Amino acid sequence: MEADVTVDARGLQCPMPVIKVSQAMKNMTSGQTLAIVATDRGALSDIPAWAGDMGHSVKEQFDQNNEYHFVLEKG
Amino acid sequence: MTTLEQSTEASPEAADETPTAEKMVLIAASGDLDKAWPVMILATTGAAYGMDVTIFFTFWGLGILKRQDAGITGEDWRQRMMSAFTGGSTDGLKLSKINFGGLGAKFMQDLADEKNVASVQELLELAQEMGVKLWPCGMTMDLMGLQESDLIDGLDTPAGAGAAISLMKEASISLFI
């Protein structure tokens, strides 16, 4: 799935993945997609929690080689 | 950490910053590194949630806001003595346990650097960029003999308990850390 915007948060620790994602989302319009890859274990729960609270939807989520991938759609 | 008040008046709109944003108030009363860190982590994360975040710095928490070059502050010898023993700025924060004259705090900071954890200073700058309001407590500034020129730039006007209570009454998250 090709996303409109990508955030590479690998190596960043809590709370930076959520902060980076929120900053990227600010410049996006409703319906656009954001792909995120992170290595922080907290991101696994933090990113879906943040997205749900902010009204964005999680389109995809999978782990690969200890990297957590997400695709969010801006609400 | 103590939860002072918690109510859920969630407005789950996909808005980043609206005039009706939910409020978060953090009372930063400690100059310990291991307390200042969660204050700044929660503040920046609250801002990422689109919340209107205010941190009220009081007592030793004011040390977080001291300029790195403020030196020993105060007029009275007791104020100067307190300042000399507590240090200041994000560089002068101590661990609440195993500080060992600053060595423990240095180890913690070195570990954080190795593991790419954002420092208190980085998070403080990020919080300012994200619009987190930083309120120094006017009474404690007076008690400790701190001038506005001893503190970093970009702070809000010194405030008191009344302003903090007014804000906390409306806030969905209020924490004393």
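Quick note: structure is the one above.
Residues numbered from 1 in each chain as written. Chains lettered and ligands numbered in written order. Predicted model: local features only at pLDDT ≥ 70, side-chain atom pairs only at ≥ 80, totals over all residues. Heavy atoms only, no water.

K.L.:
With reference to specific residues and values, describe the interface of chain A and chain B.
P.N.:
With 21 residues of chain A at the interface, the matching set in chain B holds 19 residues. Together chain A and chain B conceal approximately 1500 Å² of surface at their shared face, both sides included; 60% is due to carbon and sulfur atoms. Joining chain A to chain B, the criterion identifies 0 salt bridges. Scanning the region where chain A abuts chain B turns up 4 residue pairs in polar contact (both at pLDDT 80 or more). When contributions to the side of chain A that touches chain B are tallied by element, the ones reaching two or more residues are α1 (16-26) and α2 (43-54) of chain A. By residue number, the principal contributor to the side of chain A that touches chain B is α1 of chain A, which donates 7 residues. Here the residues of the side of chain A that touches chain B sort into 10 nonpolar, 7 polar and 4 charged. (Contact = heavy atoms within 4.5 Å. Buried area = accessible area lost by both parts, 1.4 Å probe. Salt bridge = Lys/Arg side-chain N within 4 Å of Asp/Glu carboxyl O. Polar contact = N/O pair within 3.5 Å; in protein donor to acceptor, adjacent residues only side chain to side chain. Helix = DSSP H or I, 4+ residues; strand = E, 2+ residues; numbered from the N terminus. Nonpolar A, V, L, I, M, F, W, Y, C, P; charged D, E, K, R; others polar.)

K.L.:
Residues and numbers for the pattern of salt bridges, please.
P.N.:
Scanning the entire structure with this criterion turns up 9 salt bridges over all chains. In this structure, Arg67 of chain B engages Asp69 of chain B in a salt bridge whose closest nitrogen and oxygen atoms are separated by 3.5 Å. For Asp110 of chain B, the salt bridge is made with Lys106 of chain B, and the minimal N-O distance between the two is 2.7 Å. Placement of both Asp110 of chain B and Lys106 of chain B in helix α3 (residues 103-114) is noted, with a separation of 4 residues, approximately one turn of the helix. Classification of Asp110 of chain B as partly exposed rests on a relative accessible area of 27%. Overall, Lys106 of chain B belongs to the partly exposed group, its relative accessible area being 46%. Each of Asp8, Arg10 and Glu67 of chain A takes part in one network of salt bridges that share partners. (Buried < 20%, exposed > 50% of the residue type's maximum accessible area, 1.4 Å probe, protein only.)

K.L.:
Tell me about the sheet that holds strand β4 (residues 67-73) of chain A, and name the residues and values.
P.N.:
Residue and element names in this part refer to chain A. One open sheet holds the 4 strands; their spatial order is β1-β2-β4-β3, and the pairing between them is mixed. The open sheet is flanked by β1 (5-9) and β3 (57-64), the only strands paired with a single partner. Taken over all neighbouring pairs, the strand axes of this sheet differ in orientation by 15° on average, direction set aside. Here β3 pairs with β4 via 7 bridges, running antiparallel. Pairing of Gln64 across the sheet is with Glu67, part of β4. Of the strands in this sheet, β1, β2 (33-38) and β4 touch α1, which is tilted by about 160° from β2. (Pairing = 2+ DSSP bridges. Axes fitted to C-alpha atoms, helices over the stretch in contact; angles between N-to-C directions.)

By themselves these figures say nothing about function.
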